[in-house]
Amino acid sequence: MTEKYFIPSEYQNQIEKGEVTWKSPSNIALIKYWGKEANQIPANPSISFTLNACATTTNLKFTRRKERGTEFSIDLFFEGKRKEDFKPKIITFLERVEEYLPFLKQYHFIIETSNSFPHSSGIASSASGLSALALGLMSLEKELNPKMTEEFFVKKASFLARLGSGSAARSIEGDLVEWGAHNGIENSSNLHAIKYPYAVHSVFKKYHDTILLVDKGQKEVSSTVGHNLMHGHPFSQQRFKQAHGNLTKLKGVFEKGDLKTFIEIVESEALTLHAMMMTSLPYFVLMKPNTLEIINKIWEFRKKTNSNVCFTLDAGANVHVLYPESEKDVIFQFIKDELVAFCQNGQYICDRIGFGAKKM
Ligand code: DP6
């Protein structure tokens, strides 16, 4: 399959106006996407748990313009307020997807969006935000072409979301989603994500992710800049190979429910991501002292109690604490007693594995 697959031929319908609302979740990568070519073509495959609580809801209203414009026509509202400073990002997204959605300049769009998590939480909203918008645009395309299959709809939504932000490709479906070509995973693609297609043990069906907000500041390094530092990075080739290997190993882990190996791979992936940042030029450190305090506490607790709690990290200081349903009471108590003290203003978000975006 190439990008051409997503370029539509003529539409059957003409739609004057309408509206649609999608709620799309965030996701947390177990195997990290870090390093890309143009248009978010990933340097290695990644896999994530789709989340449930952390989500963006986007209402898209569309009205056909009398004449096709030469520019995009959008009004943008974030949490009820007009948001001019988000516009450039959305315009860039529309420019990137225009080839695949040739109707865009034919419509005026009102985009109203809100997040379930606080804007200043340090939680990136690009995955949930861009996937929600991609889905809204796909709903309009589906009205223009009612014969579109559900399978194509989901695939193209992921494809479009990827053009906005790589990790957004993994936010359309749940509960375990893979993105990026990998030898051992049939139909895996760099162009769009897929629902993980093999056996998954029941222990991974109800995983919890408590997100500890260690530092709610703005990102010091944008992810695009970070990804690009993998070009010419002394360890990049080895890292990309490692990601492929870890994904191969995870296949067995998911099938058997092997939590010990799961923990080893997931924590190693998180630390490798940060090691890549620390060894690029320019180098940077996104962990904060409290990130390390939390990691050490988790290791101590695991040793002492034989628990299956583990952590992963994004490109930031916050810690995602992952644990299975069967241990949730004990681990949640541990989080409250010993980890919340390291959060900024004691803030954390209780999330769990989710099943993908929903039309409202
Ligand atoms: C560390 O998807 O935010 O969270 O494609 O440049 O928008 P762009 O990057 P983005 O990168 C996410 C990186 C990560 C790991 C991951 O989610 O796989």
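Please refer to the structure higher up on the page.
These numbers come from a predicted model, not from an experiment.

Rules of the game
Per chain, residues are indexed from 1 in the order of the written sequence. Given that the model is predicted, a residue must reach a pLDDT of at least 70 before its local features are reported, and side-chain atom pairs must reach 80 or more before they are shown or counted; all residues, however, enter totals for whole chains, interfaces and linings. Excluding hydrogens and water, the side-chain values take into account all heavy atoms of the structure. Any residue with a heavy atom lying within 4 Å of a molecule or strand is counted as near it. In the analysis that follows, any N or O atom pair within 3.5 Å is treated as a polar contact, provided that within protein one partner can donate a hydrogen and the other can accept it, and provided that, for residues neighboring in sequence, both atoms belong to side chains. Here the Shrake-Rupley method, with its probe set to 1.4 Å, supplies the accessible areas, and only the displayed protein chains count as covering residues. A run of H or I in DSSP becomes a helix once it reaches four residues, and a run of E becomes a strand once it reaches two; helices and strands are each numbered from the N terminus. Under the convention adopted here, Pro, Cys and the residues Ala, Val, Leu, Ile, Met, Phe, Trp and Tyr are nonpolar, Asp, Glu, Lys and Arg are charged, and Gly plus all remaining residues are polar. Residue ranges assigned to the domains are those given by an automatic or database domain assignment. Partly exposed residues are those whose accessible area sits between 20% and 50% of the maximum for their type, while under 20% is buried and over 50% is exposed, using a 1.4 Å probe and protein chains only. Contacts: residue pairs with any heavy atoms within 4.5 Å of one another. A helix is expected to reach a length of 1.5 Å times the quantity of its residues less one. In short, DSSP must find at least two bridges between two strands for them to pair. To define axes, lines are fitted to C-alpha atoms, for helices over the stretch in contact only, and angles between the resulting N-to-C directions are given on a 0 to 180 degree scale. Remark: nonpolar core denotes a set of buried residues (Ala, Val, Leu, Ile, Met, Phe, Trp, Tyr, Cys) joined through side-chain atoms within 4.5 Å. Here the angle decides the label: under 35 degrees means roughly parallel, over 145 means roughly antiparallel, 65 to 115 means roughly perpendicular, and every other value means oblique. In this scheme the crossing of two helices becomes right-handed for a clockwise turn of the near helix relative to the far one and left-handed for an anticlockwise turn of less than a right angle.

## Concerning the site of the ligand
Surrounding the ligand, one finds 16 residues, the nearest of these being Y33, S165, G166, S167 and R170. In the environment of the ligand, an oxygen atom lies 2.6 Å from a nitrogen or oxygen atom belonging to the side chain of S165. At 2.7 Å, a backbone N or O of G166 approaches an oxygen atom of the ligand. Protein contact buries 92% of the 460 Å² of open area that the ligand shows by itself. The greatest single-element share of the shell around the ligand, amounting to 3 residues, is contributed by helix α4 (residues 223–228). For the shell around the ligand, the class distribution of residues is 5 nonpolar, 7 polar and 4 charged. Both domains that furnish three or more residues to the shell around the ligand are identified here as domain 1 (3–199) and domain 2 (210–352).

## Considering the environment of I91
Tracing the sequence through the fold places I91 in helix α1 (residues 87–97). Classification of I91 as partly exposed rests on a relative accessible area of 22%. On a C-alpha basis, the gap between I91 and F72 in space is 7.4 Å, while along the polypeptide they are 19 residues apart. Once you skip the residues sitting within four places of it in the chain, I91 turns out to touch F72 and I74.

## Some words on helix α2 (residues 126–144)
A rise of 1.5 Å per residue sets the reference length of α2, with its 19 residues, at 27 Å; its end C-alpha atoms lie 27 Å apart and thus fit the reference within 8%. With 17 of 19 residues buried, α2 lies mostly within the body of the structure.

## Quick word on the sheet that holds strand β11 (residues 310–313)
Sheet architecture is open: 4 strands sit in the order β11-β12-β10-β13, paired in antiparallel fashion. Because the sheet does not close on itself, it has two edges, and the strands there are β11 and β13 (348–352). Strand-to-strand twist in this sheet, taken as the mean axis angle between neighbours without regard to direction, amounts to 25°. Of the strand pairs in this sheet, β11 and strand β12 (residues 319–324) are connected by 4 bridges, and their pairing is antiparallel. Opposite C310, over in β12, you have L322 as the bridge partner.

## What to know about the nonpolar core
Residues L104, F109 and L137 are the most contacted members of the largest nonpolar core, which totals 43 residues. In terms of nonpolar packing, the next biggest core, distinct from the first, is built from 32 residues, I31, L176, F204 and I349 among them.

## A look at unusual backbone geometry
For the bond from G174 to D175, the omega torsion is -10°, close enough to zero to count as cis. Residue position: D175 is located in the loop between α3 (150–164) and β8 (176–179). The omega torsion of the bond from L281 to P282 falls at 0°, within 30 degrees of zero and hence cis. With a phi angle near 55°, Q40 is a residue other than glycine that sits in the positive phi range. Within the fold, Q40 resides in the loop between β2 (36–37) and β3 (41–42). Since its relative accessible area comes to 5%, Q40 is described here as buried. Although it is not a glycine, E79 sits at a positive phi angle of roughly 50°. Locating E79 in the fold gives a position in the loop between β5 (73–78) and β6 (81–82).

## Observations concerning the packing of α1 against α3
For the pair α1 and α3, the least separation of the axes is 9 Å and the interaxial angle reads 130°. In this view, α1 runs oblique relative to α3, as classed from their interaxial angle. For the crossing formed where α1 meets α3, the hand is right-handed. The segment α1 lies against α3, with F93, R96 and V97 engaging L160, L163 and G164. Residues belonging to the contact of α1 with α3 are distributed by class as follows: 4 nonpolar, 1 polar and 1 charged.

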